[in-house]
Amino acid sequence: MFDRIREDIRTVFAKDPAARSVLEVLCCYPGLHAIWLHRVAHFLWQRRLRFLGRLVSHINRWLTGIEIHPGARIGRRFFIDHGMGVVIGETAEIGDDVLLYQGVVLGGTSLEKKKRHPTIGNHVVIGAGATILGPITVGDGARIGAGSVVIKPVPAGATVVGVPAHVAGPKQETEADLEHARLPDPVLRALSEVLDRQSRLEERLGELERGHPHPVAPTTPACEADIRQALREVIEPEIGVNIVDLGMVRGITLNGRGIEVRLVLPCPDCPYAGSIVEQIRRKVRSVTNGEPVEVVLADEPWSWRDAGPYFIGGDGI
């Protein structure tokens with residue numbers, strides 16, 4: 001018993017950088033207290049002392065804000081960080097070395113007395129506010145993004161995000177267990193690829209039209225206004241607004257050797273920056289008869305103040 005207690009304390013130090021002393025861990029970590037009380041409740045439940053098991057579970061909830069049904073099976077080195085609002089159902093099964101953040105729900109989707117709660121594999125990390133519903137399996141080493149709603153099985157080693165959750169890719173070797181601010185967005189990635197493909201098709205259509213011109217009046221050289229108008233067709237996929245109205249285009253220079261577009265990104269590490277740059281090049285070439293285009297990323301911050309008056313006025317955000 002004392003070996004398990006020491007193991008639980010070491011687990012807290014391993015998974016929470018805020019832990020400073022053994023006394024602090026023993027007195028101030030409700031996630032640890034909840035696990036210890038659950039073991040008592042589970043011991044009683046297995047010996048068919050169901051009322052006493054539920055009573056201990058209820059006291060556990062009152063003391064820690066964490067509700068774990070006494071029938072739930074939990075492995076070793078399990079840690080609940082903060083813990084308030086965590087709910088773990090009766091038939092839930094949790095493997096070893098699992099990390100849960102506050103507000104996680106392992107819930108059921110059936111009224112029948114059968115397996116109706118999730119099975120969580122080993123080394124799984126579940127972000128704050130995530131909900132996993134039904135008798136599904138979350139594979140070993142998987143990561144569940146904060147606020148996700150998981151209703152389908154999760155493959156081992158995968159990262160899932162969203163409502164409902166979608167697989168966003170495998171965990172990279174260099175990633176921390178769960179950096180909530182750096183999780184991939186599969187919907188945004190798909191939208192960015194669709195916009196990029198649309199831009200390629202429009203460029204190809206323009207090339208075909210230039211190869212078979214219609215009998216129209218001669219065109220005049222493109223000016224900055226024409227380029228800005230073309231760039232209104234380039235959509236920032238995360239916000240869903242064109243880059244001109246968002247104020248991302250900081251300048252357009254026609255220097256005789258080509259066109260230079262100065263661009264600022266909404267965030268420094270935008271995963272779709274390359275796609276936006278390529279779309280800008282195609283759009284500018286489409287109105288300048290293929291002149292060289294250089295996109296320069298400006299080293300300056302972007303904010304909603306840079307957007308047009310619609311977005312910062314009374315009718316916008």
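Cut-offs used in this document
- Residues numbered from 1 in each chain as written.
- Predicted model: local features only at pLDDT ≥ 70, side-chain atom pairs only at ≥ 80, totals over all residues.
- Heavy atoms only, no water.
- Helix = DSSP H or I, 4+ residues; strand = E, 2+ residues; numbered from the N terminus.
- Buried < 20%, exposed > 50% of the residue type's maximum accessible area, 1.4 Å probe, protein only.
- Contact = heavy atoms within 4.5 Å.
- Areas by Shrake-Rupley, 256 points an atom, 1.4 Å probe, with all protein chains shown as cover.
- Phe/Tyr/Trp six-rings, centres within 6.5 Å; stacked < 30°, edge-to-face > 60°.
- Axes fitted to C-alpha atoms, helices over the stretch in contact; angles between N-to-C directions.
- Parallel < 35°, antiparallel > 145°, perpendicular 65-115°, else oblique.
- Left-handed = near helix turned anticlockwise from the far one by under 90°.
- Nonpolar A, V, L, I, M, F, W, Y, C, P; charged D, E, K, R; others polar.
- Core = buried A, V, L, I, M, F, W, Y, C linked by side-chain atoms within 4.5 Å.
- Pairing = 2+ DSSP bridges.

A. How the structure looks around the overall build of the protein chain. If you tally the helices and strands in the protein chain, you get 8 helices and 20 strands. Looking at the protein chain as a whole, 42% of its 317 residues qualify as buried. Summarising the internal contacts of the protein chain: among those between residues at least 6 apart in sequence, 42% fall at separations of at least 24. A total accessible area of about 17700 Å² is found for the protein chain, and carbon and sulfur atoms account for 56% of it.

B. Region of the structure containing the packing of aromatic side chains. Enumeration over the complete set of coordinates arrives at 1 aromatic pair. Residues Tyr29 and Phe79 carry aromatic rings whose centres are separated by 6.4 Å and whose planes lie at 35 degrees to one another, so their mutual orientation is tilted. With Tyr29 in the loop between α2 (22-28) and α3 (30-46) and Phe79 in strand β3 (residues 79-80), this pair connects stretches of sequence that are 50 residues apart. A relative accessible area of 9% means that Tyr29 is categorised as buried. The exposure class assigned to Phe79 is buried, which follows from its relative accessible area of 1%.

C. Quick peek at the packing of helix α1 (residues 2-15) against α3. With their axes 11 Å apart at the nearest point, α1 and α3 run at an angle of 155 degrees to one another. Between α1 and α3, the crossing angle belongs to the class labelled roughly antiparallel. As α1 runs across α3, the sense of the crossing is right-handed. From α1, Arg4, Ile5, Asp8 and Val12 reach across to α3, where they touch Leu32, Trp36 and Arg39. Here the residues of the contact of α1 with α3 are counted per class, giving 4 nonpolar, no polar and 3 charged.

D. Expanded view of the nonpolar core. Judged by nonpolar contacts, the single largest core of 29 residues is most densely connected at Ile88, Leu100, Leu106, Ile120, Ile126, Ile132 and Ile144. Put simply, the parts of the chain that give this core at least two residues each are α3 and β14 (158-161). Discounting chain neighbours no more than four positions away, the residues touching Ile132 are Val105, Leu106, Gly107, Pro118, Ile120, Ile126, Val138, Ile144 and Val150.

E. The arrangement of the side chain of Thr91 in detail. Along the chain, Thr91 turns up in the loop between β4 (87-88) and β5 (93-94). Thr91 gets classed as buried once you look at its relative accessible area, which sits at 17%.

F. Here's a closer look at the sheet that holds strand β7 (residues 105-107). Taken together, 5 strands build an open sheet; the order of strands is β1-β4-β7-β10-β13 and the sheet is parallel. For this open sheet the edge positions go to β1 (67-68) and β13 (149-150), each flanked by a neighbour on one side alone. One ladder, built from 3 bridges, connects β7 with strand β10 (residues 131-133); its direction is parallel. Within β10, the position partnered with Gly107 by the bridge is Leu133.

G. Seen up close, the sheet that holds β5. Taken together, the 4 strands give an open sheet; going across it, the order is β2-β5-β8-β11, and neighbouring strands pair in parallel fashion. Of all the strands in the sheet, the pair left with one neighbour each is β2 (73-74) and β11 (137-138). Relative to β11, strand β8 (residues 119-120) is paired through 2 bridges, and the arrangement is parallel. Residue pairing across strands places Thr119 opposite Thr137, the latter belonging to β11.

H. Broad picture of unusual backbone geometry. Note the cis peptide between Val163 and Pro164, where omega equals -10 degrees. With respect to the helices and strands, the residue Pro164 is situated in the loop between β14 and β15 (166-170). In this model, His82 sits at a positive phi of 65 degrees, which is unusual for a non-glycine residue. Mapped onto the elements, His82 comes out in the loop between β3 and β4. Under the relative-accessibility criterion, His82 is labelled exposed at 55%. Located in the positive-phi region is Asp97, a residue other than glycine, with phi close to 60 degrees.

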